[in-house]
Amino acid sequence: LVNDPINPIIYPETKRIVFKKGLSLHQIEFNKKRDEIRNKAILPMQRIYQPDPGLETKRNLVQKIANQYQVDWKILEAIWQVESGKSWNRYITSGDGAVGPMQFLPSTFKKYARDGDGDGNIKIENSADALASAANLLVQNNAQHDPNKAIFSYNHSTAYVNKVKHIADNI
């Protein structure tokens, strides 16, 4: 049995250091192989979720997409802030089943989906695609002439509209 805190088991591929007590060498090797298999399955998923690029990159993306769709970029960014805190390329799901950085219900996303990054794929978890789809939703709901109505169409709540407008006014 391994019981040596001075010589921990180091998994270089995961950069994990583990102090194991009372495990047989067979169990330690089994755990290491299991972790290798998990990493092979998880690493492709991690490629989807890029690190957060920071506010400047996010703001540039919002402004670019808002300009393409001729919507107020501050409203688009405020919706993103309310929906996910401006999360980046994440497949996050709410308790209501809304998905991605702009928290679309899949059926709503399907209706308004647009390719925001020009890669030929439209993904609900992709920030550029989600923002373009949100901008499309706003345009389809007359954002140029009645922003309140367009925001209300995104989330049927007057409190939501007020919150988005307050955030937009403070950007």
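Analysis parameters
- Residues numbered from 1 in each chain as written.
- Predicted model: local features only at pLDDT ≥ 70, side-chain atom pairs only at ≥ 80, totals over all residues.
- Heavy atoms only, no water.
- Buried < 20%, exposed > 50% of the residue type's maximum accessible area, 1.4 Å probe, protein only.
- Helix = DSSP H or I, 4+ residues; strand = E, 2+ residues; numbered from the N terminus.
- Core = buried A, V, L, I, M, F, W, Y, C linked by side-chain atoms within 4.5 Å.
- Contact = heavy atoms within 4.5 Å.
- Expected span 1.5 Å × (residues − 1).
- Polar contact = N/O pair within 3.5 Å; in protein donor to acceptor, adjacent residues only side chain to side chain.
- Arc of directions from axis to C-beta.
- Salt bridge = Lys/Arg side-chain N within 4 Å of Asp/Glu carboxyl O.

Q: Kindly report on unusual backbone geometry, identifying the contributing residues and their values.
A: At Q70, a position not held by glycine, the phi torsion is positive, near 55 degrees. Judged by relative accessible area, Q70 falls into the exposed class, the value being 60%. A positive phi angle is found at Q103, which is not glycine, with a value near 50 degrees. Residue position: Q103 is located in the loop between α3 (73-84) and α4 (106-112).

Q: Residues and numbers for the nonpolar core, please.
A: If you look at the biggest cluster of nonpolar residues, it comprises 36 residues, and the most contacted ones within it are I65, L76, M102 and L138. When contributions to this core are tallied by element, the ones reaching two or more residues are α2 (55-69), α3, α4, α5 (127-140), α6 (147-154) and α7 (158-169). Counting residues per element, this core draws most heavily on α5, which supplies eight residues. Apart from the residues within four sequence positions on either side, L76 is in contact with V62, I65, A66, M102, L131, A134, A135 and L138.

Q: Can you explain α3? Please cite residues and give values.
A: Under the 1.5 Å per step criterion, the end-to-end length of α3 is 17 Å for 12 residues, consistent within 8% with the ideal 16 Å. Here α3 has its buried residues at I75, L76, E77, A78, I79, W80, E83 and S84. Tucked into the core, α3 has its buried residues touching α2, α5, α6 and α7. The residue sitting at the N-terminus of α3 and contributing the capping side-chain oxygen is D72; that oxygen lies 2.9 Å from the backbone nitrogen of K74. Looking one or two places after α3, you find G85, whose phi comes out positive at around 65 degrees.

Q: Could you give an account of the environment of S87, with specific residues and numbers?
A: Looking at where S87 falls in the secondary structure, it is placed in the loop between α3 and α4. Exposure remark for S87: the relative accessible area of 6% places this residue in the buried category. Between the C-alpha atom of S87 and that of P101, which follows or precedes it by 14 residues, the distance is 5.3 Å. Aside from chain neighbours lying at most four places away, what touches S87 is W80, I92, P101 and S127.

Q: Talk me through α7; I want residue IDs and the actual numbers.
A: Since the α-helix packs 3.6 residues into each turn, any two residues three or four apart lie on the same face. Here α7 is 12 residues long and its end C-alpha atoms lie 16 Å apart, about the 16 Å a rise of 1.5 Å per residue gives. All of the buried residues along α7 are Y160, V161, V164, I167 and A168. On an axial view of α7, the arc spanned by its buried residues comes to 135 degrees, and they lie on one face. Residues of α7 that are exposed and point over 90 degrees away from its buried face: T158, A159, H166 and D169. The inward-facing, buried residues of α7 contact α3 and α6.

Q: I'd like a rundown of the pattern of salt bridges, residues and numbers included.
A: Applying the stated criterion across every chain yields a total of three salt bridges. Here K58 makes a salt bridge to D52, at a shortest N to O gap of 2.6 Å. A residue is classified by how much of its surface remains accessible, and K58, at 7% relative accessible area, is buried. For K86, the salt bridge identified is with E77, shortest N-O distance 2.8 Å. With respect to class, K86 is no different from E77; both count as buried. Several salt bridges share partner residues, and in doing so they unite R59, E77 and K86 into one network.

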